[in-house]
Amino acid sequence: MSKITVRSVDRVFRKGEREVVALKDVTFDIKEGESFGILGPSGAGKTTLLRIMAGLDVPTKGEVYFGDKIAAKDGKLLLEPKDRDIGFVFQTWALYPNMSGYDNIAFPLKNMNLDSQEIHKRVSDIANTLGITQVLDHYPREMSGGQMQRVALARALVKMPSTLFLDEPFTNLDARIRDGARALVKEITKKFNITTVIVSHDPADIFGVAERVGVLDRGYMVQIGSPTQVYDSPVSVTVANLIGEINELQVAVASEEKKLTIGKLSLDLPPGLSGSKVIIGIRPEDVIASREPLQISGLELLDKARFSILSYQGGHFRLTLELKSDNQQIFTYVDQPIKGDEYYVYVRKEKIKIFSS
Ligand code: ADP
Ligand code: MG
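Residues numbered from 1 in each chain as written. Chains lettered and ligands numbered in written order. Predicted model: local features only at pLDDT ≥ 70, side-chain atom pairs only at ≥ 80, totals over all residues. Heavy atoms only, no water.

(A) Focus on unusual backbone geometry. The phi dihedral of arginine 218 is positive, around 50 degrees, even though this residue is not glycine. Its location among the elements puts arginine 218 in the loop between β10 (212–217) and β11 (220–225). The phi dihedral of asparagine 327 is positive, around 65 degrees, even though this residue is not glycine. Note on placement: asparagine 327 falls in the loop between β18 (317–323) and β19 (329–334). (Helix = DSSP H or I, 4+ residues; strand = E, 2+ residues; numbered from the N terminus.)

(B) Region of interest: the sheet that holds β19. Within the open sheet, the five strands sit side by side as β16-β20-β17-β18-β19. Their pairing is antiparallel. Strands at the two margins of the open sheet, each flanked by one partner only, are β16 (287–290) and β19. For this sheet, the mean inter-axis angle between neighbouring strands, taken without regard to orientation, is 40 degrees. As defined by bridge partners, strand β17 (residues 299–312) adjoins β18 across seven bridges and the pair is classed as antiparallel. Across the sheet, alanine 305 pairs through a bridge with leucine 323, a residue of β18. (Pairing = 2+ DSSP bridges. Axes fitted to C-alpha atoms, helices over the stretch in contact; angles between N-to-C directions.)

(C) View of the pattern of salt bridges. Throughout the structure, instances matching the rule amount to 26 salt bridges. Aspartate 74 serves as the salt-bridge partner of lysine 73, at 4.0 Å between the closest nitrogen and oxygen. Its relative accessible area of 40% is what places aspartate 74 among the partly exposed residues. Between glutamate 322 and arginine 306 there is a salt bridge whose closest N-O contact spans 3.7 Å. A residue pair is termed long-range when its members are at least 10 positions apart, and glutamate 322 in strand β18 and arginine 306 in strand β17 qualify at 16 residues. You can call arginine 306 partly exposed: its relative accessible area is 33%. Where salt bridges share partners, they join Asp179, Arg182, Asp202 and Asp205 into one cluster. (Salt bridge = Lys/Arg side-chain N within 4 Å of Asp/Glu carboxyl O. Buried < 20%, exposed > 50% of the residue type's maximum accessible area, 1.4 Å probe, protein only.)

(D) Local environment of the pairing of strand β13 (residues 259–262). Here β13 shows a buried face lined by Leu260 and Ile262 and an unburied face lined by Lys259 and Thr261. Direction of pairing for strand β12 (residues 247–254) relative to β13: antiparallel, over a ladder of two bridges. The residue bridging valine 253 from the neighbouring strand is leucine 260, located in β13. In terms of strand pairing, β13 meets strand β14 (residues 265–268) through four bridges, oriented antiparallel. Looking at β14, one finds that isoleucine 262 is bridged to leucine 265. Once β13 ends, the chain turns through two residues before running back antiparallel as β14, passing glycine 263 with a positive phi of about 55 degrees.

Don't take any of this as a statement about function, it's just geometry.
Following this line, the structure appears as structure tokens:
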């Protein structure tokens with residue numbers, strides 16, 4: 001059964017004379033127990049969509065269901081957030097600055113008529129699970145970013161909600177602890193079978209936490225699939241770039257032949273594409289640069305190339321080359337700097353993506 005159903009949702013904000021369309025005709029389902037990611041650039045409508053699912057905002061048009069209950073319809077809130085059994089972690093964590101870690105976490109339990117022993121047990125249990133027992137008597141200003149983030153997570157989880165909403169929860173964390181934080185969210189939500197919705201602009205958050213992803217672009221849900229499906233078969237250049245790095249090469253289409261030629265490589269024009277030009281997308285891991293000719297099954301020669309830029313990226317190098325046939329650039333990552341001026345550039349042909357331009 002679907003846990004959350006979003007049907008034809010629009011959200012229009014009015015700013016004086018001006019209208020901002022934050023969401024347009026958004027339709028999708030999230031299944032019971034699933035971890036669903038929403039990926040999109042800043043301003044795409046991610047926070048608005050999450051707030052609408054949580055009941056903190058209402059769709060201007062369209063419907064939201066929680067299980068089989070209608071939760072909002074055409075500008076009306078029909079199920080209060082408190083009746084949705086949810087936890088919410090805000091991007092800024094929004095801890096109460098004048099409360100200790102303990103009181104922040106205990107806050108959602110206030111109106112539940114629990115005795116102080118039961119509250120103590122629940123706060124201790126979740127603090128223990130998240131490894132923050134030692135900061136329960138600290139105020140937020142006395143905590144590190146990672147501790148504040150886990151206190152915010154503990155506050156959202158202390159009622160053991162059936163659904164957890166996370167708005168860019170890792171964006172304000174130091175890069176070195178993000179992976180651990182992602183793994184912790186994944187582990188806890190799986191352990192307690194919590195339906196999880198995470199929104200982020202960072203594909204690493206989606207790969208770290210989500211089983212399925214919806215890509216939001218300027219208010220439209222443009223693709224839904226598993227993270228690997230979206231990575232391997234993005235529907236557009238925009239989606240391809242949102243979910244990872246990609247080389248974009250402009251290629252002219254030979255008018256009658258339905259063939260694309262770039263350098264030494266020839267590709268069939270996919271059905272449904274037309275026009276005099278297309279863009280081909282090649283992920284950097286599908287590009288192999290070599291000083292010598294290679295004979296490796298699965299690799300085809302794209303072109304010869306000239307050296308352009310080599311930059312150290314911590315542990316590996318980003319190598320940018322200029323294709324000989326038409327001066328377009330292509331980049332890949334290499335473990336060791338390859339010295340020289342001239343290269344052979346090979347690609348995994350079956351991994352090449354072709355988009356209309
Ligand atoms: P994201 O979280 O993906 O960055 P948001 O959902 O915050 O995007 O915003 C989507 C669009 O809606 C943006 O253009 C934003 O300026 C606009 N928007 C969001 N909230 C409001 C509001 N309360 N009033 C007016 N415009 C808003
Ligand atoms: Mg946002």
